[in-house]
Amino acid sequence: MSDQQRQLSLNAFIYPAGHHESAWRHPLTTPERLYDVSYFQDIARTAEAAKLDAIFFADGPALRSDVEHGAAGALEPITLLTAIATATERIGLIATASTTYFEPYNLARLFASLDHISHGRAGWNIVTTGTDLAAANFGLAGHPDHADRYARAREFVDATVKLWDSWEDDAILIDKAAGIYADPSKIHEINYVGRHLRVRGPFNAPRSPQGHPVLVQAGASNEGRAFAGQYAEAIFTAHQRLSDGQAFYADVKKRATQYGRNAEHVKILPGISPFLGDTEAEARDLEREFNELTSPEYGLAQLESLTGSSVRHLELDAPVPAGLFGDAGDVTDNQQSRLQVIAGIVERENPTLRGLLHRLAGARGHRVVVGTPVQVADTIEEWFTQGAADGFNVMPPYYPGGLEVFAEKVVPILQERGLFRTEYSGTTLRDHFGLPRPESQYADTSGAVAL
């Protein structure tokens, strides 16, 4: 597929007050509305008016320990997206849910219900949960290790998709004259037995409009990239440099083909956080305003959670020691992808600790672009046309205004360049991403156990 035929995918990554850690303190934001559903419905309508592919909510089953200085806490995203579905018509609806702290049957019901209610706009961001804060909330003595979490995740996705597929597309007959609602021979037990999970099935609802929700994934470690190559239809990732994005893009596309998949059906969407101004100086002034509101205590806690390394013994205005994150690896061979991003910043820029905290305050290691709408559009086009991205997870530093200015000033430039749609061409998230609707894996299976 040529670049002229390709179209960008653009998601709005909704992070309550905004992606900059001090957004809740800035006069442009309204943190008192963070538990008001109409706030998020308004944001979703802004994204839909700009013809974005989807909105996305991250989530985790624990309260972060930094609530004193940050707007931590959030509404449960699948419930929230169901409310947003009733206030929108086309925008995709993606939520994070953990394979470590759900079971396949109840998660399958939640996302299938969202897909039915939204008429085919649901996506599941598959995570294994990176923090050990969650374990005690579920009666566990400790958080499972990295390898065990991914082993369970593979079983979890296999079992969940089988549940979604367990009704063939033509299972429902609604033959009123004969008194037959559905054909039981086309509704299948899945009898899934793995090392971590056992699920009998069948599912208690028919296939949803998309066949099943779009499978999204956000881990970029070795295990994460292997998992993405096997399962993911869209991948959220973080890179600072074009070359790192290109290396990751090539690696994951190659892995997908090794699993016999069409690489074009794996959408790679790095995060980009734009500070926008009519001039570059205005944009830099805006970023400076936000950075001046940061709390070093909050930033230190965030840095330690991202790297797993203690930094509190360092002077805030002294350079970060070059070797502090020396075991991070690189973008195509590492176990801690975000650590590698941070290590690269330290190596290339030699920042003070305070400077590093400011670099991460905007988007936790995702790429922050500060400039005019044309400069931001240029960056998006470069990564899209140079083999580093199929689109972007747009992470405004503040909501709702950060998304509004992106929609009003950057999206039209991308449309004028022929890189982004001016109207939706379909009704489902799969349509927006250019993904096929999967067939039920039981459709032509004569040996499956039916009801």
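Residues numbered from 1 in each chain as written. Predicted model: local features only at pLDDT ≥ 70, side-chain atom pairs only at ≥ 80, totals over all residues. Heavy atoms only, no water.

The name given to the protein chain in an unreviewed UniProt entry is Putative FMNH2-dependent monooxygenase, and the organism recorded there is Rhodococcus wratislaviensis NBRC 100605. What UniProt states about the protein chain under its Sequence similarities (unreviewed entry) heading is, verbatim, "Belongs to the NtaA/SnaA/DszA monooxygenase family." (UniProt positions renumbered as here; feature names shortened; annotations may be inferred.)

Engineer: Any chance you could explain the overall build of the protein chain here in plain terms?
Structural biologist: From N to C terminus, the protein chain includes 13 helices and 13 strands. Computed over the C-alpha atoms, the radius of gyration of the protein chain is 22 Å, within 12% of the 22 Å expected from 2.2 N^0.38 for a compact globule of 451 residues. A principal-axis box enclosing the C-alpha atoms of the protein chain has dimensions of 75 × 50 × 45 Å. Excluding contacts between residues fewer than 6 apart, the proportion of contacts in the protein chain whose partners are at least 24 apart in sequence is 78%. Accessible area for the protein chain stands at about 18700 Å²; split by element, carbon and sulfur atoms hold 49% of it. (Helix = DSSP H or I, 4+ residues; strand = E, 2+ residues; numbered from the N terminus. Rg over C-alpha atoms; globule rule 2.2 N^0.38 Å. Contact = heavy atoms within 4.5 Å. Areas by Shrake-Rupley, 256 points an atom, 1.4 Å probe, with all protein chains shown as cover.)

Engineer: In this structure, what is going on with the UniProt feature "binding site: FMN" (unreviewed entry) in the protein chain? I would like to understand it.
Structural biologist: When the UniProt feature table is mapped onto this chain, "binding site: FMN" (unreviewed entry) is found at Asp59, Thr96, His146, Tyr150 and Ser221. Within the fold, Thr96 resides in strand β3 (residues 92–98). The exposure class of Thr96 is buried, given its relative accessible area of 6%. When near neighbours in sequence (up to four residues on either side) are disregarded, Thr96 contacts Phe56, Phe57, Ala58, Asp59, Pro77, Asn125 and Val127. (Buried < 20%, exposed > 50% of the residue type's maximum accessible area, 1.4 Å probe, protein only.)

Engineer: What should I look at first to understand the side chain of Asn291 in this one?
Structural biologist: With respect to the helices and strands, Asn291 occurs in helix α7 (residues 280–291). Looking at Asn291, its side chain comes within polar contact range of the side chain of His20, at 2.8 Å. (Polar contact = N/O pair within 3.5 Å; in protein donor to acceptor, adjacent residues only side chain to side chain.)

Engineer: I would appreciate a short explanation of the environment of Ala389 in the present structure.
Structural biologist: With respect to the helices, strands and loops of the structure, Ala389 is situated in the loop between α11 (373–385) and β13 (391–394). On the accessibility criterion, Ala389 (0% relative accessible area) is buried. Sequence separation of Ala389 and Gly271 is 118 residues, and the distance between their C-alpha atoms is 9.9 Å. If we skip the residues at most four places from it in the chain, Ala389 touches Arg6, Tyr249, Ile268, Pro270, Trp383 and Phe384.

Engineer: Please explain the environment of Gly194 as it appears in this structure.
Structural biologist: Along the chain, the position of Gly194 falls in the loop between β7 (192–193) and β8 (198–199). The exposure class of Gly194 is partly exposed, given its relative accessible area of 24%.

Engineer: I tried to follow the packing of helix α4 (residues 146–165) against helix α5 (residues 222–231) on my own but got confused; where do I start?
Structural biologist: Each pair of packed helices can be described by the angle between their axes along with the distance between the axes. Running from amino to carboxyl end, α4 crosses α5 at an angle of 10°, the nearest separation of the two axes being 11 Å. By the angle class used here, α4 and α5 are roughly parallel. Contact with α4, carried on its side by His146, Tyr150, Ala153, Arg154, Val157 and Asp158, involves Glu223, Gly224, Ala226, Phe227, Gln230 and Tyr231 of α5 and no other residues of that element. Broken down by class, the residue content of the contact of α4 with α5 amounts to six nonpolar, three polar and three charged. (Axes fitted to C-alpha atoms, helices over the stretch in contact; angles between N-to-C directions. Parallel < 35°, antiparallel > 145°, perpendicular 65-115°, else oblique. Nonpolar A, V, L, I, M, F, W, Y, C, P; charged D, E, K, R; others polar.)

Engineer: Could you clarify how one ought to interpret the packing of aromatic side chains in this entry?
Structural biologist: Two aromatic rings are characterised by how far apart their centres lie and by the angle between their planes. Across all of its chains, the model carries 15 aromatic pairs by this definition. On the numbers, 4.8 Å between centres and 40° between planes, the contact of Phe227 with Tyr231 is tilted. Linking Phe227 with Tyr231, this pair stays in helix α5, spanning four residues, or about one helical turn. This pair shows no difference in class: Phe227 is buried, exactly as Tyr231 is. An aromatic cluster is defined as three or more aromatic residues linked by ring pairs; in this entry it consists of Phe13, Tyr15, Phe56 and Phe236. A cation over an aromatic ring shows up here: Arg364 above the ring of Tyr15, its NZ or CZ 4.2 Å from the ring centre. (Phe/Tyr/Trp six-rings, centres within 6.5 Å; stacked < 30°, edge-to-face > 60°. Lys NZ or Arg CZ within 6 Å of the ring centre and 35° of its normal.)

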